Amino acid sequence: MTSGTGTTAMSTPDPTSTAEPEPLPRLSPSALYNLLKPSRCDLREWLKSHDYEEAPPSAFRETLFEQGHEHEARHLRRFPKALDIAELPREEQASGTLA
């Protein structure tokens, strides 16, 4: 619905409706990051899913990734028994989370 100013107003769901709600789309952390990096772009995920080549990372992005990896490494050192399940064979990853 639109208001007199030409903006779209959010509609309120009908609490008496028996229709099933639409399922939420699957959203991974990577997809969320791709949507928002460094600014919101609704087209970015579509382009990626259609094999369009992405621009090379900027110096800022490279620095951000480097600092992020360093932060994760420092944090993981606090947990000497931590296990990176990505290094396990696929069929052992689920049981690796219980170790």
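Residues numbered from 1 in each chain as written. Predicted model: local features only at pLDDT ≥ 70, side-chain atom pairs only at ≥ 80, totals over all residues. Heavy atoms only, no water.

*Asks:* What's the story with the layout of surface pockets in this structure? I'm lost.
*Replies:* Gaps between atoms show up when a probe of the same size as a water molecule is rolled over them. Approximately 220 Å³ is the volume attributed to the second largest pocket. Around the second largest pocket, the lining residues are Tyr-33, Arg-61, Leu-64, Phe-65, Gly-68, His-69 and Glu-72. With 6 residues, the single largest contributor to the lining of the second largest pocket is helix α3 (residues 59–76). Partitioning the lining of the second largest pocket into residue classes produces 3 nonpolar, 2 polar and 2 charged. (1 Å grid on protein atoms, 1.4 Å probe; cavity = no way out; pocket = protein on both sides within 12 Å on 5 of 7 lines; lining within 4 Å. Points joined across faces, edges and corners; volume = space filled by probe spheres on them. Helix = DSSP H or I, 4+ residues; strand = E, 2+ residues; numbered from the N terminus. Nonpolar A, V, L, I, M, F, W, Y, C, P; charged D, E, K, R; others polar.)

*Asks:* What is the right way to read unusual backbone geometry from this model?
*Replies:* For residues that are not glycine, phi is negative in most cases, and the peptide bond is trans in most cases. Phi angles above zero are rare outside glycine, and Asp-51 is one such case at about 60°. Along the chain, the position of Asp-51 falls in the loop between α2 (44–49) and α3.

The quantities given are spatial measurements derived from coordinates; they are silent on function.
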